Amino acid sequence: MHFIKYQAVGNDYLVIDEADMDTRITPEQVQRICHRNLGIGSDGILVFVSSNRDDQFQVEILNPDGSEAEKSGNGLRIFSRYLFDRGLVTDKPFNVMTLGGEVTCKILDNGKAVCVNMGSAVFDAKKIPVKGYDNEVLRQHLDIEEQQIEFSAVSMGNPHCVIIKDRISEKEAKTVGPLIETYPIFPNRTNVQFVEVMDRANIKLEIWERGAGYTLSSGTSSCAAAAVSCRLGLCDKQITAHMPGGEIKILFDDNWGVTMEGGVSKVFEARLAPEFFEEIKI
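Now for a look at the structure at hand. No experiment lies behind these values; they were computed from the predicted model shown. (Residues numbered from 1 in each chain as written. Predicted model: local features only at pLDDT ≥ 70, side-chain atom pairs only at ≥ 80, totals over all residues. Heavy atoms only, no water.)

Here we look at the pattern of salt bridges
Considering all chains together, one arrives at 18 salt bridges under this definition. Of the charged contacts in the structure, one is a salt bridge between R86 and D17, with a shortest N-O distance of 2.8 Å. Taken together, the residues R86 in the loop between α2 (73-85) and β6 (94-98) and D17 in strand β2 (residues 11-17) connect sequence positions 69 residues apart. By relative accessible area, which is 41% here, R86 ends up partly exposed. (Salt bridge = Lys/Arg side-chain N within 4 Å of Asp/Glu carboxyl O. Helix = DSSP H or I, 4+ residues; strand = E, 2+ residues; numbered from the N terminus. Buried < 20%, exposed > 50% of the residue type's maximum accessible area, 1.4 Å probe, protein only.)

Encoded structure:
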């Protein structure tokens, strides 16, 4: 199986073409391939699905645990760069279909950066979804290990739980994040962002990603954290999200439509050895 590895602000994905696969990739194979010691190591796999339109492309976004993600901002930027490298798109806007809906992408700086129209931030509890709430889920509370945590929820095509604090840490993201990911009110599990508002144009994030764990950056998480910060009146509509892996620029329109811009770079391309697949009994 041929693959190309890219990274976007510290978030790394493998891109493969379904045409190069004899059979559909299984969750067990995804887990092994993404493993940092037993496989190649990545934050997920992007599968290029054939399209019958020149201006529309389809991608499946697979988490390291084998589950399928509705949407990934960094993944979409990486997939866009992959299409550009293959000569399938230029610097004109093009559409990509994901499980979480269609987005519009545009190549910048000869592929070194990509701008993505991510759709709209959705605060409706039933659409996120969050059990037990009818309208917006803002400044509510969860009881986690004898502490009460204030949270807000939003969907970017996938569910997010945003926790705004005076100070954030990697340790808290790694310890509290997984407890919130599987909290009963989130029927589809949730991504978790710990957010520190620096000023009206900048936020700092630590992220626990659903199906992937602690991650250096996330495009949809950046958009979700920025949306909540803006919705609560803490930030303006043009925000830079600062993460351990780097920065992403985010802009909102008056209807909560989100545009995201960030860097992408190619790491390497190679082919998995046949014996690798024999070991996981395809």
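We are not done yet, so read on.
Re unusual backbone geometry
Backbone torsion omega between I128 and P129 reads -5 degrees, so that peptide bond is classified as cis. Among the secondary structure elements, P129 is positioned in the loop between β8 (113-120) and β9 (140-144). Phi is positive for D109, close to 50 degrees, though the residue is something other than glycine. With respect to the helices and strands, D109 occurs in the loop between β7 (101-108) and β8. A relative accessible area of 55% places D109 in the exposed class. Positioned with a positive phi, E145 is a non-glycine residue whose angle comes to about 45 degrees.

With respect to empty space enclosed by the protein
Following the criterion strictly, the structure yields 2 cavities of 30 Å³ or more and no others. Looking at the largest cavity, its volume works out to about 50 Å³. Lining the largest cavity are Y13, I61, N63, A69, K71, S72, N158, N191, E209 and R210. Grouping the constituent residues of the lining of the largest cavity by class yields 3 nonpolar, 4 polar and 3 charged. One number sums up the size of the second largest cavity: a volume of about 30 Å³. Every residue along the wall of the second largest cavity is listed here: E150, F151, S152, V162, I164, V228 and L232. (1 Å grid on protein atoms, 1.4 Å probe; cavity = no way out; pocket = protein on both sides within 12 Å on 5 of 7 lines; lining within 4 Å. Points joined across faces, edges and corners; volume = space filled by probe spheres on them. Nonpolar A, V, L, I, M, F, W, Y, C, P; charged D, E, K, R; others polar.)

Topic: the pairing of β2
Walk down a regular strand and you will see the side chains alternate between the two sheet faces. Of all 7 residues that make up β2, 7 are buried, and the element is covered over most of its length. The pairing of strand β1 (residues 2-8) with β2 spans 5 bridges and is antiparallel. Bridge pairing links A8 to N11 in β2. Bridging between β2 and strand β3 (residues 45-49) involves 4 bridges; their strand directions are parallel. (Pairing = 2+ DSSP bridges.)

Comments concerning the environment of S67
Inspection of the secondary structure assignment puts S67 in the loop between β4 (56-62) and β5 (68-69). Residue S67 is classed as partly exposed on the basis of its relative accessible area, which comes to 22%. Remark: the alpha-carbon pair of S67 and G245, spanning 178 residues in sequence, is separated by 23 Å. Filtering out sequence-adjacent residues up to four positions away, S67 remains in contact with I61, L62, R189 and G211. A polar contact is formed between the side chain of S67 and the side chain of D65, at a distance of 2.6 Å. (Contact = heavy atoms within 4.5 Å. Polar contact = N/O pair within 3.5 Å; in protein donor to acceptor, adjacent residues only side chain to side chain.)

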